[in-house]
Amino acid sequence: MMLQVMGQPQEPVVKVIKPKFHNHNLIDFAPEHLHQKLSGRNLLTCLLMRARFSVTDSSSESYSVQKTQSKDSSSRRTLLQRLNIQASVQIKKKPGGYRYDKDIGLLHFAITIERKLSSFHKSVPEGEVNVALLKEILDKHRLPPVVSIAEDGTAIVGQREYDKRTNRVIGFSLPLRCNGFPDSLASSVRTAEDIVNLFEKYERAAVVITVMAQTMDEQIPAIRIASFCSNNRFTADDVKHRANYIEAELNKLGIRMLTYSADGDSREMKMMRQVLNLGALPPRLSRQKKGRSAQQIADETGWLLKRQWDFFAADVINSAVPVQDTVHIGAKFRTRLLKRDRATFLTIGKGIASVSDLEQLLTEVTKGQHHLKNGDLNLHDKMNYDAVRRLCDPCVTDILCDKVAGSEVTCFYLKLMRLITASYLDKSLSPLDRIYGIWYSCLALRYWRHWLQENGYKLDINFITLNAYMCVEINAHSLVLISRRLRENGTPHLFRPWHFGSQSCESFFRLVRSLTSTESTQVNLSGKGFFSRSERADAANQLLGEGENDGVYFPRFTHAFEDQSQDDGKNISFNLPSHLPSDEEIERIIRKAMVDVDHQFQLLGVKMRGKKKFMFNQELVQRINVSRKDKEHPAALIDSNLLLELDDSGAEETAVEENVQPCPDAGDEYDIDVLKSLGMAQLRDFSHLVSRQLESSAFASIICNNGSQIVVKKSAVVWFCENSVRRLSNDRTLRVMQLANFSERRKLKITSVSTRKVVQIGDWCLFRNLEGNGFFLGRVLSFAYFNSTKKSISMFEWIVDQKDHEVGVLCIWYKLDINQSIFSGKLIEVHVHHGFHPCVSYICSCPSPTFTFDAQGSKQLFFTNATVNQLSNFLKDMTLSRD
C-alpha cells in the first residue's frame, strides 16, 4: 500500500490507507516516490532507521514525528505528510543538485544510512561466537542473563567468492576444530597460490549453520551469535563440542544457557540422547555413604528422578537442557499422516488414522466450519506449518468425529498433534497443563508402539518415524527438567517454553532472504551473500529491540502457532507463572495422564495390562545409537524392524575409503597446471594502479606464459578456479507440486449400488473375503502394490477392468447386520488385523451410509432404505448367477 498524490496542488492532497500499527504518528506507509529514490536499497531498514532517528533526536523540531501543542501547522504534520512533501520536492530537484532539505526532509541519504548501519556492525569472523554483542544487548535492555540457544542450517548456492574486507575466500567447508567451529583463518589468501590450494584441499559448502540466542523477552528479537559454512557432514560429537563451547563462552560473561534447540537433525538428535542419557537404567544404589567422591554424589543426583519415577528415562543434568523444535515435530506428524506410498498406514486397535478421513471431511463439510484448505493435505508441502496449526484446531477433530465414520483413530492422532504443539507454544497454558499435554502424548506413543510390537505390526510402516517419536520423548523429559531448574533457581517467570525452539533461526533465514532490492525475486544466495545480508538483518533486529525502549513498536512477522488472536480482536494474556509445580505435583499429573491414556485406548479397542506399556523400551535404548558397522551385520541386532524404523541414522558418519593412498606430488602438479592456465587467461593487469603490499590487498601477482609478471584481482582468480556451481531453484512452488490433488481428481458420486469401472479413495465397496465364501463392506482408505519394487508408487484409484492382482486396498471393514436373510441396514465394525486386501475381490460400490441413533440411543451407521433394497437385490442376483 502506497501514498497516492492526486494532481499537483501547492500542498499535496494525500489519500491514506492506514495499517493497524501500534503508533500511527510514527510509522505510516511511504510515498510511491520513495521506492524510486531507494531503488536497490532496503526500504524497511531505512524506515526503521528514520523512526529511530525521529524518536532519539528530540532537540530538533524538524526531526520530531510526534504531534505537539504548537499551533504551527508545519510542526503538527505527521510523518506520512512529511514524507509526501519531501517526495514532491525531491522530484523537482535537478540532477547533481542539493537534494536534501533539512526543513522538511525526513529520509537521509543512502550513504548516511549505510554509515549509521555500520555502527550496528559488530559481527565476528566466521566460526567465532559473538558473546560480547549478546552481553551488550542484555545489559542495555536490563534483561535477565538467561538465553535459549538454537542451531539450524539453510541451503546456499555452492559458489566460492572472494571477500576483500576480510581477505578471505568464502564458500568453503573448512575443517572443524575441537570446539565444533571452523577456523576462518584457513580461508585467508595472500597469493594466487593460496587460492588454488584452497580449491584443491576443501569442498564447497552446501549450507550455512547459524546459531541464534533468544532472550527471555517478548519484544527483543533473537540475536545471531555465530554462523559458518559447511558441507553438512559434521558428526554428533561436533555438535556436542560446539554446544559445550558456546555454554562455556557464555558462562565467562555470566550468561546462563538454559536450553539448546534443534529441528530434528540426526546429529543433534544423537547428541541430545547422549546428554540426557535417555533410557539408560541407573546402577544399583551404593550402600556405602561415607567416602564417596563428588562425582559419585553428582551421578546419584542425576539418577534421582529415574529411581523415583518408573516412567522417567532421563538424567537430571546441570548443563543446558536439549529441546527439539515443536513446530517441526508437528510438521513431522502431519507428513506421516499424509503419507500413502510404501503401504504405510497408522493403525490402533480396530481403526486406522488416514488422510482419507480428512479428504472426505473437505468433500462433505463446508470450509466455514472446519477452516481447512486443500493445500493442507498436500504431502509435498512439508514446510506448511500453518497447515499443522489448522489441523490441530479442536473444531476439526469434533466435526471429523461427527461426520466421518471410522475416524476415531484419526481424531486421536490429531489430538496428539494438538497436545504436543500446545504444550510448548500455547502461551495461555499453566505449567501443569503443559506437562500433562506433552506427557499424555509421550505415554500414548509408548503404549501405541508397545501394542504394535505385541500384535505383529511393523514399526516402519505402522508407526510414526523414530525421529518424530524421539523428539517427543526428549521434549517431554526436557520440560520437566526445565521446570525443576527454574523452580530451584527461584526464576519461575522465565518459564516460557515458546522460546525453547529453533524458530528464531527460521525467522532469521526468512529475513535474510527477503533483504533484496525493490522488485527482486532473488531469494537464493551464496555464502558471501548470506554474510553480507546477515549484517543488515542483525541491524534490523537490533533496531526492533531498540524501539521497545522508546515506545516504538514495529510490525513483525508472526510465526505459525504464535497468532493468539481470538474473537472480538482480543489477545490471550501470557501465563507467566509466579511459582512452578513441585515434584509431587508433577508426578501426580503424569500419573493422571497414564490413566487417561489407558482409558482412551480402551475406547479404541485396545486393552493391555501391566506397566510395561508405559515404560521406555529397553531394546530401543540398546539400538538408538547403532553405528553404520552394526547395520552391516543385522544378525547381531535384536529387533530387525528397528533398522527400517531408524530414519535418522546413517548421516552421522561418512564412509572413508581405505587402501587409497594419494600421490604426494599430485597436489603440486595440480597447482602448477592451474597457475599455468591462469597465465594464459588474459586477465586484466592492475600493475599500474597497485603500489601497496599485495598480500593484504585484494590483488595478487601471477606469471604469464611469456615470463612477465602481472597483478590481477584475487576475485578474478577465484572466478577462474570456480566451476559447476550448484544452483537452487527460485521457484518455491516446486516443492508443493504433486501428481494430483484430491480436490482435482475425478470424483464420481455414487448414488446407487452397482459395479463401477473405477474404485476411488473414499468409496464404500463390497469385497469378497479371502476364502471366497463371504464378503465384507469397506471404506477405501488407500491403495498399494504388493510388489516391493512398486510400493513407492502412489495410487488414488483402481481400474476394475485391468484385473491387476498386484494391487491391494486398505479399508475400515464392516459387516452387514443380517438376521434370517434380512438385511436391516445396520453396519457393524469388524475388528481385524489390518492390512491390504486384493482389489480383484471387488464386488460392487454403495452409496455412503449415514449416522443414525438406534433404539438404545447409541450412534450407529445405517444405509438408507433405498440402498438396503438395492443391495439386497444385488446380492440375490449375484447368488443366482453364481448358482
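Residues numbered from 1 in each chain as written. Predicted model: local features only at pLDDT ≥ 70, side-chain atom pairs only at ≥ 80, totals over all residues. Heavy atoms only, no water.

Enquirer: What is the right way to look at the overall build of the chain in this model?
Expert: Assigned secondary structure in the chain consists of 28 helices and 23 strands. Across the 883 residues of the chain, 51% fall into the buried class. In the chain, the proportion of contacts linking residues at least 24 apart, taken out of those at least 6 apart, comes to 72%. When the accessible surface of the chain is summed, it comes to about 42,700 Å², and 50% of that surface belongs to carbon and sulfur atoms. (Helix = DSSP H or I, 4+ residues; strand = E, 2+ residues; numbered from the N terminus. Buried < 20%, exposed > 50% of the residue type's maximum accessible area, 1.4 Å probe, protein only. Contact = heavy atoms within 4.5 Å. Areas by Shrake-Rupley, 256 points an atom, 1.4 Å probe, with all protein chains shown as cover.)

Enquirer: What exactly am I supposed to notice about the environment of Ile156 here?
Expert: Assignment of secondary structure puts Ile156 in the loop between β3 (146–155) and β4 (161–163). Along the backbone, Ile156 and Ala206 are 50 residues apart, and their C-alpha atoms lie at a distance of 5.8 Å.

Enquirer: When you look at the pattern of salt bridges in this model, what are you seeing that I'm missing?
Expert: Between side chains of opposite charge, pairing is possible as soon as their charged atoms come close. Within this structure, the stated rule accounts for 26 salt bridges. For the salt bridge of Asp538 with Arg224, the shortest nitrogen-to-oxygen distance reads 2.7 Å. Here the residue Asp538 occupies a position in helix α21 (residues 527–549), and Arg224 occupies one in strand β7 (residues 223–230), the gap between them amounting to 314 residues. Of the residues examined, Asp538 reaches a relative accessible area of 10% and is grouped as buried. (Salt bridge = Lys/Arg side-chain N within 4 Å of Asp/Glu carboxyl O.)

Enquirer: Explain the sheet that holds strand β8 (residues 256–262) here, please?
Expert: The five strands lie next to each other as β7-β6-β3-β8-β9, forming an open sheet whose pairing is mixed. A strand with exactly one partner marks an edge of an open sheet, and here the two such strands are β7 and β9 (321–324). On average, adjacent strands in this sheet sit at an angle of 25 degrees to one another, irrespective of strand direction. Across seven bridges, strand β6 (residues 207–215) lies against β7 in antiparallel orientation. Looking at the pairing, Ala213 lines up with Ile223 of β7. (Pairing = 2+ DSSP bridges. Axes fitted to C-alpha atoms, helices over the stretch in contact; angles between N-to-C directions.)

Enquirer: I would appreciate a short explanation of empty space enclosed by the protein in the present structure.
Expert: Left-over empty space is what a probe sized like a water molecule reveals as it rolls over the atoms. Summed over the entire model, instances satisfying the criterion amount to eight cavities of 30 Å³ or more. Lining the largest cavity are 14 residues, and of these Lys339, Thr344, Phe345, Ala353 and Ser354 sit closest to its centre. Tallied by class, the residues present in the lining of the largest cavity amount to eight nonpolar, three polar and three charged. (1 Å grid on protein atoms, 1.4 Å probe; cavity = no way out; pocket = protein on both sides within 12 Å on 5 of 7 lines; lining within 4 Å. Points joined across faces, edges and corners; volume = space filled by probe spheres on them. Nonpolar A, V, L, I, M, F, W, Y, C, P; charged D, E, K, R; others polar.)

Enquirer: Can you help me understand the pairing of strand β16 (residues 775–785) in this one?
Expert: Both faces of the sheet carry side chains from a regular strand, because those side chains alternate between them. Taken across its eleven residues, β16 has nine buried, putting it largely inside the fold. Linking strand β15 (residues 764–768) back to β16 in an antiparallel pair, the connection comprises six residues, with Gly772 at a positive phi of about 85 degrees. One ladder, built from eight bridges, connects β16 with strand β18 (residues 807–819); its direction is antiparallel. When the sheet's bridge partners are listed, Ser782 is paired in β18 with Leu810.

Enquirer: Where do I start with the confidence of the model for the chain in this structure?
Expert: For any part of a model where pLDDT is low, the fine detail of the predicted coordinates should not be relied upon. When pLDDT is averaged along the chain, the result is 77; 72% of the residues meet or exceed 70. In this model residues 563–571 is a low-confidence stretch, pLDDT under 50, and it forms ten contacts with partners more than four residues away in sequence or in other chains. Segment residues 731–746 is flagged for pLDDT under 50; beyond a separation of four residues in sequence, or across chains, it makes 28 contacts in the model. (pLDDT = per-residue confidence, 0-100.)

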